[in-house]
Amino acid sequence: MAYPSSHPYPQAPAPVPVRRWWQHPALIISLLVVIPPVGIALAWLSPWSQVKKVVATVLAGLWFLTPFLGDPPKKTAADAKPQPAATQPVAATATPPAAASTAPTPAKSPEPQMPAVVGKPFGEAEKAVEDLIDKELTALSAYNDVELPAAYTDWIACFQSPGAGTVLVPDSANTSVHLVAPGTRCPAEKDTRLHPKSTPPPAAEPTPTDDDDSSSGGSSTGGGSAGTVTPGAYCPTAGATGIGKTNGKLYTCKGPGQKRWRP
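Throughout what follows, the structure given in this document is the object of discussion.

### Some words on the sheet that holds strand 3 (residues 176-180)
Next up, step 1: The three strands lie next to each other as 1-3-2, forming an open sheet whose pairing is mixed. Sheet topology places strand 1 (138-141) and strand 2 (156-161) at the edges, where each strand pairs with a single neighbour. The sheet shows a mean angle of 30 degrees between the axes of neighbouring strands, direction not considered.
Next up, step 2: Sheet topology note: the strand 2/strand 3 ladder contains five bridges and is antiparallel. Along strand 3, the bridge assignment pairs Ala157 with Leu179.

Okay, structure coming up:
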C-alpha cells in the first residue's frame, strides 16, 4: 500500500508564447505615430494589457484625427479690440456759433480806368496812362493845320480818348490825346484850323450910267472902237466895239440889262 508523499511534485511552468515580429513594441509604437490605424490594429493583436491597448488607441486616434479638425477661426482685428462699455446717451448741448472772423477780406483789384489828362502836359499824361496799359499813348495835334514838333512833352492835352473813367483793357486799349502848343488856346472841337483861310472880298458891281438901255426908250447911238476887250466884261458906252483879247472876234457894248461886251 503506497502512501502519498507530503510534498507534491512541482508542476512545470506554462510555456511562454512565441512573440511574432509584428508584435514587437518598437514596431507597434512607430506605426501608432506614422500610421495610426495600422498601429492600433497591431496593438490589439499584441500581448499588451487591456489598459495599454486602450491608452494607445485613444492617443493614436487623437493624433490621427487632429489634422482633419482644422484650425480654429481666427479673430479679426475688430474682435481683438476690446469693445467699449455701453454708456448712457449724453444730452446734446448747443454749441454757440464761432464768432465771425474780424479779419478784413482783401478787396479785389479794380479794373484800370482811363485817368483825366485834359489840361496836363503830354509827358505827365503819357506816364499816367501807360502805367495802366500795355500800349503807348498816341499824340495828335488839336489843330489840323498844325503839325506836332519832334519833342512835344510840354504840349497841353485838349482832348482825350476814351473819356475819363472808362474801363481799360490793358492789352488792347487804344488811347490818344490831342495837343496844343504851350500858350495856345484849345479849340472848341477837334480838327479845327488855327489859321483860317482868308477869303477875298466880293467884287463891287459897277454903278449903272445913263447910257444903260433900260434907262432910255431905245439903244444909245454911241460908237467908237475900244480896242481889245474882255468878252462879258462891263462896258460904259453902248454901241462901242472892240476885239476879243483871246479869240480876235468883234464884240459890241450892249444889253439887255447892264451893258457888257457881247458878240
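What follows continues from the structure just given.
### A word on the sheet that holds strand 5 (residues 241-244)
Next up, step 1: Strand order in the open sheet formed by four strands is 4-5-6-7, and the pairing between neighbours is mixed. Looking along the sheet, the strands with just one partner apiece sit at the ends: strand 4 (225-229) and strand 7 (260-262). Averaged over all pairs of adjacent strands, the angle between strand axes in this sheet comes to 35 degrees, irrespective of strand direction.

### Points about the environment of Gly183
Next up, step 1: The topology assignment puts Gly183 in the loop between strand 3 and strand 4.
Next up, step 2: Linking Gly183 and Trp155, residues 28 residues apart in sequence, is a C-alpha distance of 9.0 Å.

### Notes on the nonpolar core
Next up, step 1: Counting residues in each nonpolar core, the largest one holds 14 residues, and the members touching the most others are Phe122, Val129, Leu137, Val177 and Leu179.
Next up, step 2: Looking at this core, the elements with two or more residues in it are helix 5 (122-130) and strand 3.
Next up, step 3: In terms of residue count, the dominant contributor to this core is helix 5 (three residues).
Next up, step 4: Non-local contacts of Phe122, meaning those with residues more than four positions away in its chain, are made with Leu137, Ala139, Tyr152, Thr153, Trp155, Val177 and Leu179.
Next up, step 5: Ile28, Leu32, Ile40 and Leu42 belong to the second largest nonpolar core, which has nine residues in total.

### Examining the side chain of Thr175
Next up, step 1: With respect to the helices and strands, the residue Thr175 is situated in the loop between strand 2 and strand 3.
Next up, step 2: Residue Thr175 is classed as buried on the basis of its relative accessible area of 3%.
Next up, step 3: Among all residues touching Thr175, those that are not within four sequence positions of it are Met114, Val129, Ile133, Glu136, Leu137, Thr138, Ser161, Pro162 and Leu168.

### Topic: the packing of helix 2 (residues 36-45) against helix 3 (residues 50-69)
Next up, step 1: At their nearest, the axes of helix 2 and helix 3 sit 9 Å apart, and the two run at 175 degrees to each other. With respect to helix 3, the element helix 2 is oriented roughly antiparallel. Across the interface between the two elements, Pro36, Pro37, Ile40, Ala43 and Trp44 of helix 2 pack against Gln50, Lys53, Val54, Thr57, Ala60, Gly61, Trp63 and Phe64 of helix 3.
Next up, step 2: Tallied by class, the residues present in the contact of helix 2 with helix 3 amount to nine nonpolar, three polar and one charged.

### Digging into the side chain of His178
Next up, step 1: With respect to the element layout, His178 can be found in strand 3.
Next up, step 2: A relative accessible area of 10% places His178 in the buried class.
Next up, step 3: Once you skip the residues sitting within four places of it in the chain, His178 turns out to touch Leu140, Ser141, Ala142, Ile156, Ala157, Cys158, Phe159 and Lys190.

### Some remarks on a nonpolar patch on the surface
Next up, step 1: Together, Ile29, Val33, Val34, Ile35, Val38 and Trp63 make up an exposed nonpolar region whose accessible area comes to about 580 Å².
Next up, step 2: Counting residues per element, the nonpolar patch draws most heavily on helix 1 (residues 25-34), at three residues.
Next up, step 3: Tracing the sequence through the fold places Val34 in helix 1.
Next up, step 4: Since its relative accessible area comes to 63%, Val34 is described here as exposed.

### What to know about helix 5
Next up, step 1: Of all the positions in helix 5, only Phe122, Ala125 and Val129 are classed as buried. Projected down its long axis, helix 5 shows its buried positions confined to an angular sector of 65 degrees, all on one face.
Next up, step 2: On the buried face of helix 5, the contacting elements are strand 1 and strand 3.

### Side note on the pairing of strand 5
Next up, step 1: Bridge count for strand 4 against strand 5 is three bridges, and the pairing is parallel. When the bridges of strand 5 are listed, Val229 appears paired with Gly244.
Next up, step 2: Across three bridges, the pairing between strand 5 and strand 6 (residues 250-254) is antiparallel. Among the inter-strand pairings, Gly242 is bridged to a residue of strand 6, identified as Tyr251.
Next up, step 3: Here strand 5 folds back onto strand 6, and the loop between the two strands holds five residues, one of which, Gly248, carries a positive phi near 75 degrees.

### Quick look at the state of the cysteines
Next up, step 1: For the structure on display, the rule yields two disulfides.
Next up, step 2: In this model Cys158 forms its disulfide with Cys186; the gap between the sulfur atoms is 1.8 Å. Between Cys158 and Cys186 the disulfide shows an S-S torsion of about -75 degrees. By sign, it is left-handed. Note that Cys158 is positioned in strand 2 and Cys186 in the loop between strand 3 and strand 4, a separation of 28 residues in sequence.
Next up, step 3: Overall, the relative accessible area of 8% leaves Cys158 in the buried class.
Next up, step 4: Bridging Cys235 to Cys253, the disulfide has an S-S length of 1.9 Å. Looking down the S-S bond of the Cys235 and Cys253 bridge, the torsion is 95 degrees, so its handedness is right-handed.

Conventions and cut-offs
Residues numbered from 1 in each chain as written. Predicted model: local features only at pLDDT ≥ 70, side-chain atom pairs only at ≥ 80, totals over all residues. Heavy atoms only, no water. Pairing = 2+ DSSP bridges. Helix = DSSP H or I, 4+ residues; strand = E, 2+ residues; numbered from the N terminus. Axes fitted to C-alpha atoms, helices over the stretch in contact; angles between N-to-C directions. Core = buried A, V, L, I, M, F, W, Y, C linked by side-chain atoms within 4.5 Å. Buried < 20%, exposed > 50% of the residue type's maximum accessible area, 1.4 Å probe, protein only. Contact = heavy atoms within 4.5 Å. Parallel < 35°, antiparallel > 145°, perpendicular 65-115°, else oblique. Nonpolar A, V, L, I, M, F, W, Y, C, P; charged D, E, K, R; others polar. Patch = residues over 30% accessible without salt bridge, like charges linked within 9 Å, V, L, I, M, F, W, Y side chains within 5 Å. Areas by Shrake-Rupley, 256 points an atom, 1.4 Å probe, with all protein chains shown as cover. Salt bridge = Lys/Arg side-chain N within 4 Å of Asp/Glu carboxyl O. Arc of directions from axis to C-beta. Disulfide = S-S within 2.5 Å.

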